[in-house]
Amino acid sequence: MQIEPDTRDGVCDSEFDVVVNGKPYRATANTTVSDLIQQLKIGTAVAVEINGELIIGNRHQSFKLYPSARIEIVTLAGGG
């Protein structure tokens, strides 16, 4: 059985589009930055910016994505 998204008033509450590092990405309602990082399987040593705002690590679990957000994720690497 397929569950249809809530489309009252023409607004879909369950999925929306964002842009991640210049590429379109379909996110679901209540997806946090932490969820996105896990879905992309990129590790936790990252810097995240959404629409020009740096989202620091302690906000990753609570900061929810929203429609049309432009997200930049940079992985951090050590070396010498």
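The structure under discussion appears in the preceding block.
Quantities reported herein were computed from a predicted structural model and do not represent experimental measurements.

Bringing unusual backbone geometry into the picture now. Even without glycine at this site, Asn51 takes up a positive phi of about 50°. Relative to the assigned elements, Asn51 resides in the loop between strand S3 (46-50) and strand S4 (53-55). At Ser68, a residue that is not glycine, the phi angle is positive and equals roughly 70°. Turning to its location among the elements, Ser68 is positioned in the loop between S4 and strand S5 (70-75).

In this section: the pairing of strand S2 (residues 23-28). Taken together, the six bridges between strand S1 (residues 15-20) and S2 define a ladder with antiparallel strand orientation. Residue pairing in the sheet places Glu15 in a bridge with Thr28 of S2.

Rules used in this analysis
- Residues numbered from 1 in each chain as written.
- Predicted model: local features only at pLDDT ≥ 70, side-chain atom pairs only at ≥ 80, totals over all residues.
- Heavy atoms only, no water.
- Helix = DSSP H or I, 4+ residues; strand = E, 2+ residues; numbered from the N terminus.
- Pairing = 2+ DSSP bridges.

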